[in-house]
Amino acid sequence: MDNQEVVLAIVCTTLLIFLLIAVLVLIFFISGRRRLQQEMEMAQAKLSFEKELRQVATEVSEQMMGQFAQELHDNIGQLLTAMHIHIENQKLDHPQQADGFKPIEIYLGEVSQQLRLLSRTLNNEYIGHAGLFDAMQQQVARLRALKRFDVHWTPVQGPSGLDKNQELVVFRIFQEISQNALRHSGAANLFIEINATAGNFEMEIRDDGRGFDAAELLRPHGNAGMPSSKRASGLLHILSRSEMAGLQCEITSSPGKGCRIKIKTSTL
Amino acid sequence: MRCYMFQFVNEILSLLLVLSAGIYSGRYMNKFQCVLFIQALVWIFFFLCSYIVTGIQKHYNVQPNNQWVFNIHMLFETSLLMLAAYFYFQEKSVKATVVVVFVFFFFFYCFRIFIYGVKKFDGYIFSMQSLSIMIVYIYIMYDFYINNRFNFSSRSPEIIACIGLLLYTTCNIPFFNLLNFLNVQCPEQSRELFKIITDTSANIRYLSLALALWLIGKNTITINRRRHG
């Protein structure tokens, strides 16, 4: 074997190795890409199934709330009206006891008022008919009546720029946030700001309560990528509902610094 | 002299690109990428040393021999590449395997240097180095594959750097093992082969690294821009 042959052998071996590595990398790339594509398809299918499931759950809960509102209005409302008539009759029959009925009448009036407001906020048809801002006004009135914190809200007029489905979702999210503020925040003030101009919608709700570590609470854990804490389920629900309605949702909070939730249309 | 300069420019060009890309992306590198960049800097240092040594030897009319520089460099190169891999892996067992591979290489290196000295380039050390790097860096690529990050469209910087490194180490095994034989038997052809195989593969390796480092900066800047609207 002369020197030329040795050189040739080295060149050929190097080329072969180069080709081998190139083919290996190519196979890796192709199979990796296929695998990724398959997994993406599976994830897509899973996502659409989950979306459908959430849609069904939302529809069912809306239907149940509608029935509940109907029941409140038709049944309990009627009973309260009957009570009111009965008291009026008693007052006519016994005018000397009229003063004794006054506190009962006041309480009965408040109960009727609260029931009417509750019935309206639960009824999605009412929200669809009266509009988002009117429904929010009703909810604010309910919150103010509870006297747990000061609600800072300036009534808004005009169209929200959202479709009916989005309005319902925004309203339910608003209810969820206000319930969370009532139950967990210990806040003294709740600020509601709405900016609806030129087809764009932005709603910011913030409180000055005890707050929480939003980054930690919403941090995905485990293989499923879901937050581990049960406390985060409400917040997760808000996020998923916003996403489903094509809205952007930002949750900002840290311990001792209250909580701020911003919902806006994707174009803003 | 002109040929000498051309070879120098050819070899240094890809390294300059690595340097520029490294400076561009320096802030955004993780430990793995950072050590790969440091390894390239160490190579630039040794590369310049080899030219300086050759220049000095020529100045004093001594037979030029800078092979011992590359023998020393192999230890630094392997140490840094193994350190990068050590930082890359999260699992303790895999980290331990990287350490074992390095320790095995280190003992082999010491044994060869102790027996045969440092003056002549040792092809067997290079083979052992290549084998160690192949084991560890193919595993890194496999790790990318099983974690679904082995995707050409995402232009993963780490993968690009790994491919360049693997091409360099594997393609040079046959030539470096016969380097001393060729230097004695046909020095002219040995030099030609060095240019064809080693220079080309080194250029591929460091161009890949330059591309990888540039992508790190570019990807991070793009993500930051998207985040901040």
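Residues numbered from 1 in each chain as written. Chains lettered and ligands numbered in written order. Predicted model: local features only at pLDDT ≥ 70, side-chain atom pairs only at ≥ 80, totals over all residues. Heavy atoms only, no water.

Some thoughts on the overall build of chain A
When its secondary structure is counted, chain A shows seven helices and five strands. Listing each helix as α and each strand as β along chain A from the N terminus yields α-α-α-α-β-α-β-β-α-α-β-β. Against the 2.2 N^0.38 benchmark of 18 Å for 268 residues, chain A shows a C-alpha radius of gyration of 30 Å, more extended than a compact globule. Dimensions of chain A along its principal axes, counting C-alpha atoms only, are 135 × 40 × 35 Å. Here chain A, with 268 residues, has 35% of them falling under the buried criterion. When contacts within chain A are restricted to residue pairs at least 6 apart in sequence, long-range pairs at least 24 apart make up 63% of them. (Helix = DSSP H or I, 4+ residues; strand = E, 2+ residues; numbered from the N terminus. Rg over C-alpha atoms; globule rule 2.2 N^0.38 Å. Buried < 20%, exposed > 50% of the residue type's maximum accessible area, 1.4 Å probe, protein only. Contact = heavy atoms within 4.5 Å.)

Describing the packing of aromatic side chains
The relation between two aromatic rings is expressed through the spacing of the ring centres and the mutual angle of the planes. Using the criterion set out here, one finds 23 aromatic pairs over all chains in the structure. Ring centres of F121(B) and F126(B) lie 6.4 Å apart, and the angle between their planes is 45°; this geometry places the pair in the tilted category. Of the two residues, F121(B) and F126(B), both sit in the buried class. Every member of this aromatic cluster is reached through a ring pair, and the members are F32(B), Y88(B), F89(B), Y137(B), Y139(B), Y142(B) and F144(B). Above the plane of the ring of F191(A) lies R206(A), whose end atom (NZ or CZ) is 4.6 Å from the centre. Just above the ring of Y86(B) sits the side chain of K95(B); from NZ or CZ to the centre is 4.2 Å. (Phe/Tyr/Trp six-rings, centres within 6.5 Å; stacked < 30°, edge-to-face > 60°. Lys NZ or Arg CZ within 6 Å of the ring centre and 35° of its normal.)

Some remarks on the pairing of strand 3 (residues 200-207) of chain A
Residues and elements named next belong to chain A. Taken across its eight residues, strand 3 has six buried, putting it largely inside the fold. The pairing of strand 2 (residues 189-197) with strand 3 spans eight bridges and is classified as antiparallel. Paired with F191 across the two strands is R206, which belongs to strand 3. With antiparallel pairing between neighbouring strands as the criterion, strand 2 and strand 3 make up a hairpin whose turn holds two residues, including A198 at a positive phi of roughly 45°. Sheet topology places strand 3 next to strand 5 (residues 259-265); six bridges connect them, and they run antiparallel. Residue pairing for strand 5: R206 is matched across the bridge by R260. (Pairing = 2+ DSSP bridges.)

So, empty space enclosed by the protein
Once rolled over the atoms, a probe with the size of a water molecule shows which space is left empty. Residues and elements named next belong to chain B. Following the criterion strictly, the structure yields four cavities of 30 Å³ or more and no others. Approximately 80 Å³ is the volume attributed to the largest cavity. If you go around the largest cavity, the residues you meet are L36, Q39, L81, Y137, A161, C162, L165, R205 and L209. Those elements giving two or more residues to the lining of the largest cavity turn out to be helix 2 (31-59), helix 6 (157-177) and helix 8 (187-227). Ranked by the residues each element gives to the lining of the largest cavity, the list is headed by helix 6, at three residues. (1 Å grid on protein atoms, 1.4 Å probe; cavity = no way out; pocket = protein on both sides within 12 Å on 5 of 7 lines; lining within 4 Å. Points joined across faces, edges and corners; volume = space filled by probe spheres on them.)

Some details on the domain arrangement of chain A
Residue and element names in this part refer to chain A. The assigned domain composition of chain A is domain 1 (1-122) and domain 2 (135-268). For domain 1 versus domain 2, the separation of C-alpha centres amounts to 14 Å. Counting from both sides, the interface comprises twelve residues of domain 1 and, opposite them, 13 residues of domain 2. Counting the surface lost from both domain 1 and domain 2, the interface buries some 1,200 Å², and carbon and sulfur atoms represent 55% of this. Here domain 1 and domain 2 share zero salt bridges between them. Our count for the domain 1 to domain 2 interface comes out at zero residue pairs in polar contact (both at pLDDT 80 or more). Mapped onto the side of domain 1 that touches domain 2, the elements with two or more residues apiece are helix 1 (3-93) and helix 2 (98-122). Of the residues that constitute the side of domain 1 that touches domain 2, the class distribution is four nonpolar, four polar and four charged. (Domains from an automatic or database assignment. Buried area = accessible area lost by both parts, 1.4 Å probe. Salt bridge = Lys/Arg side-chain N within 4 Å of Asp/Glu carboxyl O. Polar contact = N/O pair within 3.5 Å; in protein donor to acceptor, adjacent residues only side chain to side chain. Nonpolar A, V, L, I, M, F, W, Y, C, P; charged D, E, K, R; others polar.)

Notes on helix 6 of chain B
Residue and element names in this part refer to chain B. Along its 21 residues, helix 6 runs 31 Å from first to last C-alpha, staying within 8% of the 30 Å computed at 1.5 Å per residue. Largest kink in helix 6: about 30°, centred on C171, with the proline P174 one to four residues after it. Counting buried positions along helix 6 yields 19 of 21 residues, so the element is predominantly enclosed. (Expected span 1.5 Å × (residues − 1). Bend = angle between axes of the 7 residues up to and from the residue.)

Describing the confidence of the model for chain B
Here chain B averages 87 in pLDDT, while 92% of its residues score no lower than 70. Mean pLDDT across the elements of chain B bottoms out in helix 1 (residues 2-25) of chain B (80) and peaks in helix 4 (residues 92-116) of chain B (94). (pLDDT = per-residue confidence, 0-100.)

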